[in-house]
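Chain and residue survey
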Amino acid sequence: MPCQGCRSACEFRMDTLLGLFPSSSPKAPSKKIDYKRKQGKAIGARFLHECALKLDAKVTVVATASVVYHRFFREVNEADYDIYLIAGSCLYLAGKLEDQALKARDVINVTHVTLRPGGRPLDMDESYWNLRDSLIQAELLVLRMLRFSTEFEHPHKYLLHFLASLEDWLGAELFRQVPLRRTAWALLRDLYMDDFVLDSKPQWLALACIHIALQCYGLNVPGSVEGGKTWYQTLCPSCTREELWDVTEKVLDVYGQEEQLFSSPTGAVSSAVFS
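Residues numbered from 1 in each chain as written. Predicted model: local features only at pLDDT ≥ 70, side-chain atom pairs only at ≥ 80, totals over all residues. Heavy atoms only, no water.

**Details of helix α10 (residues 202–216)**
The condition is simple: Helical segments are the DSSP runs of H or I of at least four residues, strand segments are the runs of E of at least two, and each set is numbered from the N terminus. Here, expected helix span is obtained from the residue count minus one, scaled by 1.5 Å. Burial classes: relative accessible area under 20% of the type maximum marks a residue as buried, over 50% as exposed, and values in between as partly exposed (1.4 Å probe, protein chains only).
With 15 residues, α10 extends 21 Å from end C-alpha to end C-alpha; this agrees with the ideal 21 Å at 1.5 Å per step. Among the 15 residues that make up α10, 13 are buried, leaving the element largely enclosed by the rest of the structure. Among the residues trailing α10, Gly 218 stands out with phi positive, at a value near 65 degrees.

**A short note on the pattern of salt bridges**
For the record, the criterion: Criterion for a salt bridge: a side-chain nitrogen of Lys or Arg within 4 Å of a carboxyl oxygen of Asp or Glu.
All told, the structure shown has twelve salt bridges when counted by the stated rule. Two residues, Glu 153 and Lys 157, come together in a salt bridge whose shortest N-O distance is 3.6 Å. Taken together, the shared-partner salt bridges in this structure form one network comprising Arg 46, Glu 50 and Lys 54.

**Describing the side chain of Gln 100**
Here is the rule: Pairing of N or O atoms within 3.5 Å defines a polar contact, subject to two protein rules: one partner must be a possible hydrogen donor and the other a possible acceptor, and residues neighboring in sequence count only if both atoms are side-chain atoms.
Considering the arrangement of structural elements, one finds Gln 100 in the loop between α4 (83–97) and α5 (104–115). Judged by its relative accessible area of 18%, Gln 100 falls in the buried class. There is a polar contact of 3.1 Å between the side chain of Gln 100 and the backbone oxygen of Asp 56. At 2.8 Å, the side chain of Gln 100 forms a polar contact with the backbone nitrogen of Lys 58.

**Comments concerning unusual backbone geometry**
Negative phi values dominate among residues other than glycine, just as trans dominates among peptide bonds. Phi angles above zero are rare outside glycine, and Asp 56 is one such case at about 55 degrees. Along the polypeptide, Asp 56 turns up in the loop between α2 (41–54) and α3 (59–75). You can call Asp 56 exposed: its relative accessible area is 62%. Of note, the phi angle at Phe 148 is positive, near 60 degrees, even though the residue is not glycine. With respect to the helices, strands and loops of the structure, Phe 148 is situated in the loop between α6 (126–145) and α7 (156–170). Accessibility expressed as a relative area gives 57% for Phe 148, which makes it exposed.

**Quick word on the confidence of the model for the chain**
In regions of low pLDDT, the predicted coordinates are not meant to be interpreted in detail. Counted only if it meets this: Every residue gets a pLDDT, meaning the predictor's confidence in that residue, from 0 to 100. By the convention used here, residues are in contact when the closest approach between their heavy atoms is within 4.5 Å.
Averaged over all residues, the pLDDT of the chain is 82; the fraction at 70 or higher stands at 80%. Note on residues 1–16: pLDDT is under 50 here. Beyond four places in sequence and across chains, it has 20 contacts. Contacts of residues 18–29 to residues separated by more than four positions or lying in other chains number 13 contacts, the stretch itself having pLDDT below 50.

**A few points about the packing of α7 against α10**
Short version of the rule: Helix axes use the C-alpha atoms of the stretch in contact, all axes being lines fitted to C-alpha atoms, and the angles between their N-to-C directions lie in the range 0 to 180 degrees. An angle below 35 degrees is treated as roughly parallel, one above 145 as roughly antiparallel, one from 65 to 115 as roughly perpendicular, and anything else as oblique. Put simply, a crossing is left-handed when the front helix is turned counterclockwise from the back one by less than a right angle, and right-handed when it is turned clockwise. Residues are grouped as follows: Ala, Val, Leu, Ile, Met, Phe, Trp, Tyr, Cys and Pro are nonpolar; Asp, Glu, Lys and Arg are charged; all remaining types, including Gly, are polar.
Where α7 contacts α10, the two axes come as close as 9 Å, and the packing angle between them is 40 degrees. Between α7 and α10, the angle is such that the two are oblique. Two packed elements cross with a definite hand, and for α7 against α10 that hand is right-handed. On α10, the residues touching Tyr 158, Leu 159, Phe 162, Leu 163, Leu 166 and Leu 170 of α7 are Pro 202, Gln 203, Ala 206, Leu 207, Ile 210 and Leu 214. Of the residues assigned to the contact of α7 with α10, the class counts are eleven nonpolar, one polar and no charged.

**A short note on the packing of α2 against α4**
Relative to each other, α2 and α4 sit at 40 degrees, their axes nearing to 9 Å. Considering the angle they form, α2 stands oblique to α4. You can see that α2 and α4 cross each other, and the crossing is right-handed. Side by side, α2 and α4 meet where Lys 41, Ile 43, Gly 44, Phe 47, Leu 48, Cys 51 and Ala 52 of the first sit next to Ile 83, Tyr 84, Ala 87, Cys 90 and Leu 91 of the second. When the residues that make up the contact of α2 with α4 are grouped by side-chain class, the tally is ten nonpolar, one polar and one charged.

**Examining the environment of Thr 114**
Structurally, the position occupied by Thr 114 is in helix α5. With 64 residues separating them in the primary sequence, Thr 114 and Glu 50 have C-alpha atoms 8.1 Å apart. When neighbours within four sequence positions are excluded, Thr 114 is seen to be in contact with Tyr 35, Phe 47, Glu 50, Cys 51 and Lys 54. Only 3.0 Å separates the side chain of Thr 114 from the side chain of Lys 54, close enough to count as a polar contact.

In structure tokens, the structure reads:
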């Protein structure tokens, strides 16, 4: 069982998340980052997510691109590679793997403009074709580093199933009144910014997202089933209380890292390719 201090810290952070998720109030504009003045694989992961949003990539494309990105940087020294080029190549590759082929020109222009806010798409000149060649070569490099192993099990199908079961349990009316489903999906999207997704079972990740969403809105799943099982043990017998709290804390840590990205010192950084 988690210690009282750890649990209290988790509950405090859950409370601070309420303003981040869908509600009846208008959504606040997202914070902007000057990627040209930041460096590190954590920044690259956020850059990947921002570009994916602009490309209107499917959730599975974003998830696969993130897993590929994190796996790549576990194999190499991040200082030896252009994080923005690798992020773009991971998106390009993930589009192929998830049957949403993203055009190389779109990936190049979105990454280029995201690094240079206010800029315009590249002309079809020598600079563009050099960037395209770099993107393709980076894609091949990523595949080699992954040893061409590109099959991943994501938590999305588990989250879908678990939420459907909880809706039957709690009632459709509650699900209409509280954005529990959207909050859980938002959490699942955001946790892919951290490489701990490589180490956690997909079922536990899905349960942790639901757990946090329930805590945010002060909801409890009533009753227990035969044998005294909790709701999460009913949905996933292999998940213990300790494991659920451990994954929950890691999910919440992602938001702490997001704040650090904006508070950390900045300095002039250049992307060797998308400059």
